[in-house]
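Coordinates in review
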Amino acid sequence: KPQLQAKLLRVLQERRFERVGGTRTIEVDVRIVAATNIDLTEAMRAGRFREDLYHRLAVFPIRIPPLRERLADIVPLATDLLARIARQLGRPALALYEAARARLMSYAWPGNVRELGNVLERAAILSEGAVIGAELILTGPLASVAPNAGSAAIEKLEDMEKDAIRRMLALTGGNRKQTAARLGIGLRTLYDKLKVYDL
């Protein structure tokens, strides 16, 4: 928002601000670490981001490449995320079969680490053992089921999805908003699936 950008620029330049509703000017000596997932050059060109604010913030720019450009980081990240997910779900430590690791490495990850976390959490919920197989690494629309897959494969995917929803509802105490968020789907989508699966 242009007004907020102007206020932030003023704080960065003058190193002082007033609290909302306050009357006293507060002086600050801070360093700002800012992050964005939008192209600020394009945003400045379109007039959505102030160029003077950009130059105030871009003293020491660091580009963090997307996950698809950091293939060597995917498995260590997945291992760390799985450890956290197992703790959150109250499960023993989880690991990945080699084929599951290969599937993680072969995907482009447009949603970066957040998408990786969602995929792993879904796999952890669906997994009955301590080691997750490639068949549970469901990425992209309709997961790994190809358009020409037989009806048995589609039914299996639907059974897995129904089971995942049922388990997550149990884990969240029936909280539908939390269930949708943790499954990585919209609340309306969850309601639709609850009707379809008669849950």
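Whatever comes next refers back to the structure up there.
Residue positions are counted from 1 within each chain, in the order its sequence is given. Totals for whole chains, interfaces and linings use all residues, but because this is a predicted model, local features are given only for residues with pLDDT of at least 70 and pairs of side-chain atoms are given and counted only at 80 or more. As a rule here, side-chain values cover all heavy atoms of the structure and leave hydrogens and water aside.

Focus: the overall build of the chain
Helix and strand assignments come from DSSP, with helices taken as H or I runs of at least 4 residues and strands as E runs of at least 2, each series counted from the N terminus. Along the chain, the regular secondary structure elements total nine helices and four strands. The secondary structure elements of the chain, listed N-terminal to C-terminal, are α-β-β-α-α-α-β-α-α-β-α-α-α. The rule is simple: take the accessible area with a 1.4 Å probe, protein chains only, and divide by the maximum for that residue type; under 20% is buried, over 50% is exposed, in between is partly exposed. Burial analysis of the chain (199 residues in total) assigns 29% to the buried set. For this analysis, residues touch if any pair of their heavy atoms sits within 4.5 Å. For the chain, long-range pairs separated by at least 24 residues make up 56% of all intrachain contacts whose partners lie at least 6 apart in sequence. Per-residue and other accessible areas follow the Shrake-Rupley method at a 1.4 Å probe size, with only the shown protein chains counted as cover for residues. With an accessible surface of roughly 13600 Å², the chain has 53% of that area assigned to carbon and sulfur atoms.

Overview of the side chain of Glu115
Here Glu115 lies in helix α6 (residues 112-126). None of His or the chain ends enter the tally, which takes Lys and Arg as positive and Asp and Glu as negative. Each salt bridge in this description consists of a side-chain nitrogen of Lys or Arg and a carboxyl oxygen of Asp or Glu lying within 4 Å of one another. For the buried Glu115, no salt bridge is present, and the opposite-charge side chain at shortest range is Arg122, 7.2 Å distant. Under the rule applied, a polar contact is a pair of N or O atoms within 3.5 Å (in protein, one hydrogen donor and one hydrogen acceptor; residues adjacent in sequence only if both atoms are side-chain atoms). Within polar-contact distance, the side chain of Glu115 engages the backbone nitrogen of Gly111 at 2.8 Å. Discounting residues that sit within four places of it in the chain, Glu115 has contacts with Tyr107, Trp109 and Pro110.

Side note on unusual backbone geometry
Located in the positive-phi region is Arg15, a residue other than glycine, with phi close to 55 degrees. Checked against the element boundaries, Arg15 lands in the loop between α1 (2-14) and β1 (16-18). We note that Trp109 has phi near 50 degrees; this positive angle belongs to a residue other than glycine. By the secondary structure assignment, Trp109 is in the loop between α5 (98-106) and α6. On the accessibility criterion, Trp109 (0% relative accessible area) is buried.

Notes on the environment of Arg91
Considering the arrangement of structural elements, one finds Arg91 in the loop between α4 (71-89) and β3 (95-96). Looking at Arg91, the relative accessible area reads 24%, which means it is partly exposed. C-alpha separation for the pair Arg91 and Ala130, spaced 39 residues apart in sequence, amounts to 8.6 Å. Setting aside residues up to four positions removed in sequence, Arg91 forms contacts with Ala86, Ala124, Ser127, Glu128 and Gly129. At a separation of 2.5 Å, a polar atom in the side chain of Arg91 contacts the main-chain carbonyl oxygen of Ala124.

Notes on the packing of helix α8 (residues 176-183) against helix α9 (residues 187-196)
The angle between two axes is taken between their N-to-C directions and runs from 0 to 180 degrees, where each axis is a line fitted to C-alpha atoms and a helix contributes only its stretch in contact. Packing of α8 against α9 leaves a shortest axis separation of 9 Å and a crossing angle of 105 degrees. For the element pair α8 / α9, the angle class is roughly perpendicular. Contacts between α8 and α9 involve Arg176, Lys177, Thr179 and Ala180 from the former and Leu187, Leu190, Tyr191 and Leu194 from the latter. Note on residue classes: Ala, Val, Leu, Ile, Met, Phe, Trp, Tyr, Cys and Pro are nonpolar, Asp, Glu, Lys and Arg are charged, and everything else, Gly too, is polar. Of the residues assigned to the contact of α8 with α9, the class counts are five nonpolar, one polar and two charged. Small angles under 35 degrees read as roughly parallel and large ones over 145 as roughly antiparallel, with 65 to 115 read as roughly perpendicular and the rest as oblique.

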